[in-house]
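Residue strings, one per chain:
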Amino acid sequence: MKKFTGNFLRYHLTRGRLIDGISRTSHTKPARTIPGIPAEGPGLKEFLIAGKNLPAPNRPAEVESIPYLTSLDISGQNRRVFFEVYGCQMNVSDTEVVWSILRKHNYQKVEDIGDADIVLLITCAIREGAESKIWNRLHHLSIYKSKRFREAPLQIGILGCMAERLKTKVLEKERLVDIVAGPDSYKDLPRLLAVTRDGQQSAVNVLLSLDETYADITPIRLNSSSVTAFVSIMRGCDNMCSYCIVPFTRGRERSRPMASIEEEVRHLQSQGVREITLLGQNVNSYRDISTTPDKEPTTLAPGFKTVYKPKIGGARFGELLERIAKAVPEVRIRFTSPHPKDFPEEVLKIIQKHPNICKNLHMPAQSGSTAVLERMRRGYSREAYLDLIERVRNLLPNVALSSDFILGFCGETEEEFTETLSLIEAVQYNVAYIFPYSMREKTTAHRRFKDDIPEDVKAQRMRRTIEVFRRNATELNSRMIGQEQLILIEGNSKRSQEDFYGRNDGNIKVIIPKVTLNSREIQPGDYIAVKIHSASSQVLKGTPLRHTTLSDFHESVH
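Values in this document were obtained by computation on a predicted structure and should not be read as measured data.

About the cut-offs
- Residues numbered from 1 in each chain as written.
- Predicted model: local features only at pLDDT ≥ 70, side-chain atom pairs only at ≥ 80, totals over all residues.
- Heavy atoms only, no water.
- 1 Å grid on protein atoms, 1.4 Å probe; cavity = no way out; pocket = protein on both sides within 12 Å on 5 of 7 lines; lining within 4 Å.
- Points joined across faces, edges and corners; volume = space filled by probe spheres on them.
- Helix = DSSP H or I, 4+ residues; strand = E, 2+ residues; numbered from the N terminus.
- Nonpolar A, V, L, I, M, F, W, Y, C, P; charged D, E, K, R; others polar.
- Core = buried A, V, L, I, M, F, W, Y, C linked by side-chain atoms within 4.5 Å.
- Buried < 20%, exposed > 50% of the residue type's maximum accessible area, 1.4 Å probe, protein only.
- Salt bridge = Lys/Arg side-chain N within 4 Å of Asp/Glu carboxyl O.

Asker: Tell me what's going on with empty space enclosed by the protein, and back it up with residues and numbers.
Answerer: A complete count under the given rule lists 2 cavities of 30 Å³ or more for this structure. Each pocket or cavity is described by its volume, and for the largest cavity that value is around 70 Å³. For the largest cavity, the full set of lining residues is S93, D94, V97, T213, Y214, I217, P219, S232, R235, R256 and E264. At 3 residues, helix α4 (residues 89-104) tops the list of elements feeding residues into the lining of the largest cavity. Partitioning the lining of the largest cavity into residue classes produces 4 nonpolar, 3 polar and 4 charged. Taken as a whole, the second largest cavity holds about 50 Å³ of empty space. Taken together, 11 residues make up the lining of the second largest cavity; nearest its centre are P153, L154, Q155, R197 and G199. Broken down by class, the residue content of the lining of the second largest cavity amounts to 3 nonpolar, 3 polar and 5 charged.

Asker: Any details on the nonpolar core? Residues and values, ideally.
Answerer: Counting 59 residues, the largest nonpolar core has I233, F317, L321, L361 and Y429 as its most contacted members. For this core, the leading source of residues is helix α14 (residues 382-395), giving 6 residues. By size, the runner-up hydrophobic cluster in this structure holds 26 residues, among which are W135, L141, L166 and V180.

Asker: Hey, could you go over the pattern of salt bridges for me, with residue numbers and the actual values?
Answerer: Going through the model one piece at a time under the given rule, you end up with 32 salt bridges. For E264, the salt bridge identified is with R256, shortest N-O distance 2.8 Å. For the pair shown, E264 and R256 are each scored as buried. Residue E345 is joined to K349 by a salt bridge in which the shortest nitrogen-to-oxygen separation is 3.1 Å. One end of the pair is E345 and the other is K349, both in helix α12 (residues 345-353) and 4 residues apart, which spans about a single turn.

Asker: Account for the layout of surface pockets, naming residues and giving values.
Answerer: The calculated volume of the second largest pocket comes to roughly 990 Å³. The wall of the second largest pocket is formed by 28 residues, among which K359, N398, V399, Q483 and D505 lie closest to the centre. At the level of secondary structure, the elements contributing two or more residues to the lining of the second largest pocket comprise α14, β17 (484-492) and α18 (550-557). In terms of residue count, the dominant contributor to the lining of the second largest pocket is α18 (4 residues). By residue class, the composition of the lining of the second largest pocket is 13 nonpolar, 9 polar and 6 charged.

Asker: Tell me what's going on with the environment of G272, and back it up with residues and numbers.
Answerer: Within the element layout of this structure, G272 appears in the loop between α10 (258-270) and β10 (275-279). Under the relative-accessibility criterion, G272 is labelled partly exposed at 26%. Each C-alpha atom, one on G272 and one on S226, is 8.4 Å from the other, the two residues being 46 residues apart in sequence.

Everything listed is a geometric property; what it means functionally is a separate question.
Here is the structure:
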């Protein structure tokens, strides 16, 4: 029994408390009987089935059902759900999975929190600031919930990375929410919502999975009119960078089968989507182990290493990219976020070969100092990173590069910081995401290092880094003035209803006026050839020339 204790903790239902494997209720309120559950509560088999922990060959056919709740109990009965999404693109994708699951169980989605019976927060735990924002929001929601309790009871749920990381504090200490669901437990949401519906108890499931990819769920887009979409191709991460909480909140790396990804991509194309971004914590280490299991171990880019053994078997990311590019040749393909170690020449040549795979690569450096990179456990040196950039630009001379940088990491000296500035100067990025370091519990850095850089020093380094980046980005973007570029129109400009905005191949925003070309109005979803006439560090402006397609534009400029 000892081996199942953790699962009992994660599935235990309580009245405001989480208690290790012991079924207890509050002394102040009578216990509620849930239809179909014995008086003594569910047994070991029910817990195993709910968590899908039985070995696959012995797993019963009813594993997908919830044996102690009827279909009526887990039905949403048209109850209304309001989503609040925080953090990365993966959380947007997860929300679309959650909405697909809940709609299947007769829930409705509303756009106004005042109309909601349930509020679900899809959360991020990457930085302290993100968590602080969610704590503040939870306190506000708790006050709102208590005010409207008598007229319309409200359920509050916290989902995603923060839910997994702070499960006990959220339920036991703060008592702000009704349900807590981790990134691998979204299929359990109908049950969690059912057993907490009366507001007398809380429920939690943050069990991390070794195989859950939601490949059997067709996500429902939150914005069905958008011409862009995200497709999750894998979950989790094995890299164990010393600063990163993701392996602890999202679990081990696992990939969706190629066939399910292609099916989703084709479905999105049929809905009018013209640009798809493939998502994962480390997309270019994708491996579909359902195919070609006898392949050689994964080979890394020269100068890179990992903390885990090279993986054997499975179709790799390059094969997936090529398959998707061929399946939807008039749809742009992007991907994020990769790790620099997984850019073998084969992947770069596939990107070079297909015009619908954008020549826009995210190359997260994190630091320009080899010593800091070693403490971060990134698996490469400054020199190896620069060699990779050179190889990329040799094969993709017009590539647009973006990167992530963490400033003020444990022990970062002024000299090490200036190496980051010099790396930005040397590489010249079109886009950069720059953040001060935020210590996260459970990480290697939390165990081994001290967050010893003062906040005012981090802020000053942020300002200096942003200044260097913007100067270089302005120079890069200015080189595009006079060029003819292909723009996918996404919608109205935020600053003017007289303009549209779109993005070029390099993922840089381009503003154009709303005009008619050859008696045809420009609409979101159109590919437009544009001549660039002005540039800043973040935005280009251009004159629309003509309607076109991906393939026609590629032929015209080559």
